[in-house]
Amino acid sequence: KKMEITVSEAEKRTGRNAMNIQETYTAYLIETRAVESQSEGQCAPVESLWRRYSEFELLRNYLSVTYPHIVVPPLPEKRADFVWHKLSADNMDPDFVERRRIGLENFLLRVASHPVLCQDKIFYAFLTQEGGWKEVVNETGFQLKADSRLKALNATFRVKNPDKRFTELKHYSDELQSVISHLLRVRARVADRLYGVYKVHGNYGRVFSEWSAIEKEMGDGLQSAGHHMDVYAASIDDILEEEEHYADQLKEYLFYAEALRAVCRKHELMQYDLEMAAQDLTSKKQQCEELATGTVRTFSLKGMTSKLFGQETPEQREAKIKVLEEQIQEGEEQLKSKNLEGRDFVKSAWADIERFKEQKNHDLKEALISYAVMQISMCKKGIQVWTNAKECFSKM
């Protein structure tokens, strides 16, 4: 269904959690409106429901596990990071909650515009079904499909033939995260310095105002110049709050880097499973050959025991060969299936990664241009303030 999606407001609430402990949290109002089914001149009614941040997290975890080949859009940060020191890092701060509201809306729009994710029934239920949604998600059993961190770590170190493209992509995502982290740190430092410079202009305002009180001919000009300085000093709060929105756009790609790595990890796990299955099959074929010919190529405890306590009877050997042959047949089918699954994964993942790259180039270009435009406009304001001050001085 085609629908408009907005996260229109945030509300502070108090309730009891699963441990029956009183807690304060923020709930977000999601509003949806169907646009395809409406008749001429008539607007479809707006449907709304409230969701907590933890429910957004549950939705994203479900999507990540269910669609391992997709670079799933990230959520905005739960607690503020890379902030200039005058800005509150409290996750209940109204300005931070407002930016997170925008980030959550952006997340929903990213998912809704994705060619595959937009068709997911659980995502649709998240937008339209207030009660019992969590139960519906948990019934899918997606947690059971989630791979353990230990297994992922094991795969990273033990894959013999990693796919070069995914190795390069993993390296790229690490570099991207590092570069954006540095950029955000520099921006926070610049914001701190800028805040100081602007606020110090308020001292000009105070001094000019005090000076104007002892001057007759020059008094009006000094007073006016002081007023311009005060306005300039006060403007920094709004400017840096606006700048924080551009920082959030960069932060989104800081978190996208982790989503890219998740796809690479999943591929490593599949490759590891494939290699383990191939190794197991080779071992069983060798055992079967040894039993059939009666020659042992490799040293084994079993080989030693048979030498010490006598050989197996032909019937026993036949029974073992039969079991092994069945296991080999099963193993070959499994290996074939894993190979096919791996090829499908690579094909789907690579198509989605290409789509992501296109989106990333467009978004980051736009964010950086907007940031530059904002800096230019800020400098122009500074020039205007000093031009006004110059005119005030000229009239003295």
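Residues numbered from 1 in each chain as written. Predicted model: local features only at pLDDT ≥ 70, side-chain atom pairs only at ≥ 80, totals over all residues. Heavy atoms only, no water.

The name an unreviewed UniProt entry assigns to the protein chain is SNX4 protein, from the organism Orthonyx spaldingii. The UniProt entry for the protein chain carries this comment under Sequence similarities (unreviewed entry): "Belongs to the sorting nexin family." (UniProt positions renumbered as here; feature names shortened; annotations may be inferred.)

## Observations concerning the overall build of the protein chain
Across its full length, the protein chain carries eleven helices and three strands. Ordering the α and β elements of the protein chain from the N terminus gives β-β-β-α-α-α-α-α-α-α-α-α-α-α. By the burial criterion, 37% of the 396 residues in the protein chain qualify as buried. A separation of at least 24 residues holds for 75% of the contacts in the protein chain among residues at least 6 apart in sequence. When the accessible surface of the protein chain is split by element, carbon and sulfur atoms take 54% of a total near 23900 Å². (Helix = DSSP H or I, 4+ residues; strand = E, 2+ residues; numbered from the N terminus. Buried < 20%, exposed > 50% of the residue type's maximum accessible area, 1.4 Å probe, protein only. Contact = heavy atoms within 4.5 Å. Areas by Shrake-Rupley, 256 points an atom, 1.4 Å probe, with all protein chains shown as cover.)

## Comments concerning the pattern of salt bridges
On inspection of all chains with the given rule, the structure shows 25 salt bridges. Of the charged contacts, one joins Arg99 and Asp248 as a salt bridge, the two residues approaching to 2.9 Å between their closest N and O atoms. On the criterion of sequence distance, the pair formed by Arg99 in helix 2 (residues 94–112) and Asp248 in helix 9 (residues 236–293) is long-range, its members being 149 residues apart. Note on Arg99: relative accessible area 5%, which makes it buried. Among the ionic pairs, Arg261 bridges to Glu258, the shortest N-O distance being 2.9 Å. Here Arg261 and its partner Glu258 are both found in helix 9, three residues apart, which amounts to about one turn of the helix. For Arg261, a relative accessible area of 11% translates into the label buried. A single network of salt bridges, built from pairs that share partners, joins Asp174, Glu258, Arg261 and Arg265. (Salt bridge = Lys/Arg side-chain N within 4 Å of Asp/Glu carboxyl O.)

## Structural notes on the packing of helix 8 (residues 219–234) against helix 11 (residues 314–394)
Between helix 8 and helix 11, the shortest axis-to-axis distance is 8 Å and the interhelical angle comes to 170°. Between helix 8 and helix 11, the angle is such that the two are roughly antiparallel. Taken together, the residues of helix 11 that come into contact with helix 8 (itself represented by Gly221, Leu222, Ser224, Ala225, His228, Met229 and Tyr232) are Lys381, Gly382, Val385, Trp386, Asn388, Ala389, Cys392 and Phe393. The residue inventory of the contact of helix 8 with helix 11, partitioned by class, reads nine nonpolar, five polar and one charged. (Axes fitted to C-alpha atoms, helices over the stretch in contact; angles between N-to-C directions. Parallel < 35°, antiparallel > 145°, perpendicular 65-115°, else oblique. Nonpolar A, V, L, I, M, F, W, Y, C, P; charged D, E, K, R; others polar.)

## Considerations on a negative patch on the surface
The grouping of Glu315, Glu318, Glu325, Glu326, Glu330 and Glu333 at the surface amounts to a negative patch. One can find Glu326 in helix 11. (Patch = residues over 30% accessible without salt bridge, like charges linked within 9 Å, V, L, I, M, F, W, Y side chains within 5 Å. Lys, Arg positive; Asp, Glu negative; His and termini not counted. Charge placed at Lys NZ, Arg CZ, Asp CG, Glu CD.)

## A few points about the packing of aromatic side chains
Going through the model one piece at a time under the given rule, you end up with 14 aromatic pairs. On the numbers, 6.4 Å between centres and 65° between planes, the contact of Phe56 with Phe107 is edge-to-face. With Phe56 in helix 1 (residues 53–66) and Phe107 in helix 2, this pair connects stretches of sequence that are 51 residues apart. Here Phe208 and Phe393 contribute two aromatic rings whose centre-to-centre distance is 5.6 Å and whose plane-to-plane angle is 70°, an arrangement assigned as edge-to-face. With Phe208 in helix 7 (residues 164–212) and Phe393 in helix 11, this pair connects stretches of sequence that are 185 residues apart. Through a chain of ring-to-ring contacts, the aromatic side chains of Phe56, Phe107, Phe126 and Trp133 assemble into a single cluster. Against the face of Tyr25 rests Arg52, its NZ or CZ located 3.8 Å from the ring centre. (Phe/Tyr/Trp six-rings, centres within 6.5 Å; stacked < 30°, edge-to-face > 60°. Lys NZ or Arg CZ within 6 Å of the ring centre and 35° of its normal.)

## Some thoughts on the sheet that holds strand 3 (residues 47–52)
Note: strands within a sheet are paired through backbone hydrogen bonds, in either parallel or antiparallel orientation. Overall, antiparallel pairing links the three strands, which are arranged 1-2-3 in an open sheet. Strands with a single pairing partner mark the edges of an open sheet, and in this sheet they are strand 1 (3–16) and strand 3. If you compare each strand with its neighbour and ignore which way they point, the axes differ by 25° on average. Strands strand 2 (22–34) and strand 3 of the sheet are contacted by helix 1, whose axis makes an angle of about 90° with strand 3. Sheet contacts for helix 2: strand 1 and strand 2; angle to strand 1, the most-contacted strand, approximately 135°. (Pairing = 2+ DSSP bridges.)

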